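Listed below, chain by chain, are the residues.
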Amino acid sequence: MNGKPLFSKKQYLQKVINTFCPRIILRLSPKKSWANSHWKGQTAGDIHGYDKYCGEHPATKIILPEISRLVPKDASILDLGCNCGNYLRRLKEQGFTRISGTDICGNAIEYGKKELGLSDVEMIVGSFDEVLPRLVFEGRKFQLVYTVGATVELVHPSFDVIRYVCELSDEYIVFIISLWGHAYPRFWEYEFNRNGFCLVKCITSSDGNTDRIRDPVQVDSLMVFRRVRPE
Ligand SMILES: C[S@@+](CC[C@H](N)C(=O)[O-])C[C@H]1O[C@@H](n2cnc3c(N)ncnc32)[C@H](O)[C@@H]1O
């Protein structure tokens, strides 16, 4: 059997840089704010406007049962990169009462509040590097923090997004993201481990089906992390 490597050395090198390069060096990158300025101004009709994120998405069938399985209806929950709040709306319909979201795109949040019945839901406009440190400073904690990508994969590694996500979560973190794709792939599990969270579930759609494997860069994975508490 002549197995071809699934990932190139360049892809591994990217992960090494994004996970291990000192942030003081990464902060010198001229690319660090590009994604923010792109997402901030998106509106209906644009390539990534909110009209693209309010329909049925296959991830809905995975994220909602996973959240229901892990936490009760009165758990505090934070959606990272909530856009117009498509998943928040479903959680609200299912009876979750303490839901919040954050996103850089003010147009999407305004639409969700006005048109998706989320006027009573906390939805914070701002980039992760502004909002997450502020929430940590205010002492906020959530029983579960989740994201459905691409969201954190778009965050330049000069900002330690995983550290702040871990500081905000009291118990669970649920990510549906591309482990190898998008702008800034990292050694995700290692980054959570170094912040005190352990991977308790991981499903990758290419698992166990090597005959019909898709390009792994295009594949989204579900990862559930749980805070490790000292004995
Ligand atoms: C691909 S969309 C996914 C939206 C939603 N999670 C979903 O699955 O439908 C990525 C979202 O992340 C948001 N986003 C991207 N970079 C961000 C940043 N630095 N801070 C906050 N939100 C960001 C975008 O505005 C956008 O709503």
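Higher on the page you've got the structure.
The structure reproduced in this document is the subject of the present report. (Residues numbered from 1 in each chain as written. Predicted model: local features only at pLDDT ≥ 70, side-chain atom pairs only at ≥ 80, totals over all residues. Heavy atoms only, no water.)

## Description of the state of the cysteines
Each disulfide consists of one covalent bond between the sulfur atoms belonging to two cysteines.
Part 1: In the structure shown here, the tally under the stated rule is 0 disulfides.
Part 2: The cysteine Cys202 is free of any disulfide, with Cys198 supplying the nearest cysteine sulfur at 12 Å. (Disulfide = S-S within 2.5 Å.)

## A short note on helix α4 (residues 60-70)
Part 1: Of all the residues in α4, the buried ones are Thr60, Ile63, Leu64, Glu66, Ile67 and Leu70. Down the axis of α4, the buried side of the element spans an arc of 165 degrees, and every buried residue falls inside it. Among the exposed residues of α4, those pointing more than 90 degrees away from its buried face are Lys61 and Arg69.
Part 2: Residues of α4 that are buried make contact with β1 (76-80), α5 (86-93), β4 (142-148), β5 (169-178), β6 (197-204) and β7 (220-227). (Buried < 20%, exposed > 50% of the residue type's maximum accessible area, 1.4 Å probe, protein only. Helix = DSSP H or I, 4+ residues; strand = E, 2+ residues; numbered from the N terminus. Arc of directions from axis to C-beta. Contact = heavy atoms within 4.5 Å.)

## A short note on the site of the ligand
Part 1: Lining the immediate environment of the ligand, one finds 17 residues, of which Gly81, Asn83, Asp103, Phe128 and Ala150 sit closest.
Part 2: Contacts to the ligand include Tyr87, whose side-chain N or O atom sits 3.5 Å from an oxygen atom.
Part 3: Within the contact set of the ligand, a nitrogen atom lies 2.9 Å away from a backbone nitrogen or oxygen of Val148.
Part 4: Considered on its own, the ligand offers 590 Å² of accessible surface; in the complex 96% of this is hidden by protein. (Near = heavy atom within 4 Å. Polar contact = N/O pair within 3.5 Å; in protein donor to acceptor, adjacent residues only side chain to side chain. Areas by Shrake-Rupley, 256 points an atom, 1.4 Å probe, with all protein chains shown as cover.)

## A few points about a nonpolar patch on the surface
Part 1: Together, Leu13, Val16, Ile17, Phe20 and Tyr190 make up a nonpolar patch on the protein surface, roughly 440 Å² of accessible area in all.
Part 2: Assignment of secondary structure puts Leu13 in helix α1 (residues 9-20). (Patch = residues over 30% accessible without salt bridge, like charges linked within 9 Å, V, L, I, M, F, W, Y side chains within 5 Å. Salt bridge = Lys/Arg side-chain N within 4 Å of Asp/Glu carboxyl O.)

## Topic: the environment of Trp188
Part 1: Tracing the chain through its elements places Trp188 in helix α9 (residues 188-193).
Part 2: With relative accessibility at 2%, the residue Trp188 sits in the buried group.
Part 3: Measuring from C-alpha to C-alpha, the distance between Trp188 and Ala75 comes to 25 Å, with 113 residues separating the pair along the chain.
Part 4: With near-sequence residues (within four places) excluded, Trp188 lies in contact with Val152, Glu153, Ile162, Phe175, Ile177, Ser178, Leu179 and Met223.

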